Amino acid sequence: MSHESALAIQAWALPVVKPLAGLEDSELVSAAAGGSREAFDVLVERHQRTVYQVCYRFVNNHEDASDLAQDAFVRAWRGLKTFKGQSALSTWLYRIAVNVCLNRVSAKGPAMEPIDATDHVADVRIEGAQHAMIREERAVAVRKAIASLPDKQRATLILRTYHDMSHQQIADVLGSSVGAVKANFFHALANLKKILGTEP
Amino acid sequence: MTHLSSDELIDAVEGLLPPERHAHLAACDVCQRELAGLSSVLSDAKHTSIPEPSPLFWQHFSERVRTAIDDDASQSGNWPSWIRWQVLAPIGVAAMIILGLMIAVPKQNPVDSPLALQAPEAPETLQASESWVMVTELVGNIDLDTASAAGVIEPGVAEQAVLHLTAEEQQELTRLLKAELQRAKS
């Protein structure tokens, strides 16, 4: 038997074990729903940043955002068997994260950015980049203004502006209509304009 | 022509305004001002990043989630962890058999009571006692082995379940069975 044919038989006989990190979300979801924590770890690593960012935009501070993101993944683990793959996993995770945030926010009251969140403004000042400092101060003001919006307006603005979700996807996440999403988006922008005193 | 509605203003902000409304927008200062204000604030929001957590945070995050899932799993059942259908089903079957056996055991004849001799039995009581006699006849001869053979209970399931209980769980099971026996007696 030639060396090549021996290798071919070997390749055929041995099961191909794909590394988890190379699997699609849907494959990882199936594995995780079957109890594989390693598969779920890969999903967490893959989506942690976006879920954290949704949460941060909601609460405007790192501590609460990391708690909320963690909570969202715990709920995702609990609900994996109910995920039918009708939407992208990321959309499903957004929905969980938004619901976790809405529940927490209404339980805790309006979110505030802690004073230390503006510490890096001082770092920028040390660099001597006055323009960057002004921009960062503006960013702090915008984040604070977004965090002060009513829940649905905030959720709509965050998902539309930072996660590029369509009106229909946002409607699915929030359990509302496209019309309501557009109205919320309009009111979110109008309120931001009022709070920030933005002039064109 | 009417000013742009909030829906249309959002469409305009996103560059999706229907062509037939462009003419109004081009001619209306109010709508142009409104659109410019919304576009400006949206642009501000779009360019606002959030502070990036340290790389260490990301390295430990999945581990943190893993721990939280473990904690959640251990807290989720306020019910004792051994209360599962695999345990409860055999216990339930065993309890039913015990009840059946208790009913089958001959009781002291109530005729001994002088009152019983005088008072005629009410029709419902008579009917009920007839039903009990039938149940007794049906269940009385069934022991655990017969029930197993009939497929009511898989062989050895109850024993296996009991053998896998901890001392504390066995105590609890004893207590439950005693309580059940007590209730049946009374």
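Residues numbered from 1 in each chain as written. Chains lettered and ligands numbered in written order. Predicted model: local features only at pLDDT ≥ 70, side-chain atom pairs only at ≥ 80, totals over all residues. Heavy atoms only, no water.

**Observations regarding the packing of aromatic side chains**
Under the counting rule described, the total for this entry stands at 9 aromatic pairs over all chains. With a centroid separation of 6.0 Å and 45° between ring planes, the pair formed by Tyr52(A) and Tyr56(A) is classed as tilted. Highlighted residues: Tyr52(A) and Tyr56(A), both in helix H3 (residues 37–59), separated by 4 residues, approximately one helical turn. Overall, Tyr52(A) belongs to the buried group, its relative accessible area being 1%. Taking relative accessible area as the criterion, Tyr56(A) reaches 2% and is therefore assigned buried. Feature note: the residues Tyr52(A), Tyr56(A), Phe73(A), Phe57(B), Trp58(B) and Phe61(B) constitute an aromatic cluster, connected by ring pairs. Here Arg37(A) stacks its cationic end above the ring of Trp77(A), 5.2 Å away from the centre of that ring. Here the basic side chain of Arg57(A) rests over the ring of Tyr162(A), its NZ or CZ set 3.4 Å away from the ring centre. (Phe/Tyr/Trp six-rings, centres within 6.5 Å; stacked < 30°, edge-to-face > 60°. Helix = DSSP H or I, 4+ residues; strand = E, 2+ residues; numbered from the N terminus. Buried < 20%, exposed > 50% of the residue type's maximum accessible area, 1.4 Å probe, protein only. Lys NZ or Arg CZ within 6 Å of the ring centre and 35° of its normal.)

**Side note on the interface of chain A and chain B**
Counting from both sides, the interface comprises 44 residues of chain A and, opposite them, 33 residues of chain B. When the two sides are added together, the surface that chain A and chain B hide from each other amounts to roughly 3,700 Å², 64% of it contributed by carbon and sulfur. On the chain A side of the interface with chain B, the three residues burying the most area are Arg37(A), Phe186(A) and Leu189(A), jointly 17% of the side's total. On inspection of chain A and its partner chain B, the count reaches 8 salt bridges. Between Arg160(A) and Glu14(B) there is a salt bridge, with the nearest N and O atoms lying 2.5 Å from each other. Viewed at the interface, chain B and chain A are joined by 15 residue pairs in polar contact (both at pLDDT 80 or more). (Contact = heavy atoms within 4.5 Å. Buried area = accessible area lost by both parts, 1.4 Å probe. Salt bridge = Lys/Arg side-chain N within 4 Å of Asp/Glu carboxyl O. Polar contact = N/O pair within 3.5 Å; in protein donor to acceptor, adjacent residues only side chain to side chain.)

**Some words on the packing of H3(A) against helix H4 (residues 62–79) of chain A**
Residues and elements named next belong to chain A. The contact between H3 and H4 brings their axes to 8 Å, and the two run at 140°. Overall, the two elements H3 and H4 adopt an arrangement that is oblique. Remark: the crossing between H3 and H4 carries right-handed chirality. Of the residues in H4, those touching H3 at Arg37, Phe40, Val44, His47, Gln48, Val51, Tyr52, Cys55, Tyr56 and Val59 are His62, Asp64, Ala65, Ser66, Leu68, Ala69, Ala72, Phe73, Ala76 and Trp77. Along the lines of polarity and charge, the residues of the contact of H3 with H4 split into 14 nonpolar, 4 polar and 2 charged. (Axes fitted to C-alpha atoms, helices over the stretch in contact; angles between N-to-C directions. Parallel < 35°, antiparallel > 145°, perpendicular 65-115°, else oblique. Left-handed = near helix turned anticlockwise from the far one by under 90°. Nonpolar A, V, L, I, M, F, W, Y, C, P; charged D, E, K, R; others polar.)

**A look at the nonpolar core**
The nonpolar side chains of soluble globular proteins are, as a tendency, buried together. All names here are of chain A. Ranked by internal contacts, the top residues of the largest apolar core, which has 77 residues, are Phe40, Phe58, Val98 and Leu192. Broken down by element, the residue count for this core peaks at 12 residues, all from H3. Among all residues touching Val98, those that are not within four sequence positions of it are Val54, Phe58, Ala155, Leu159, Val173 and Leu174. (Core = buried A, V, L, I, M, F, W, Y, C linked by side-chain atoms within 4.5 Å.)

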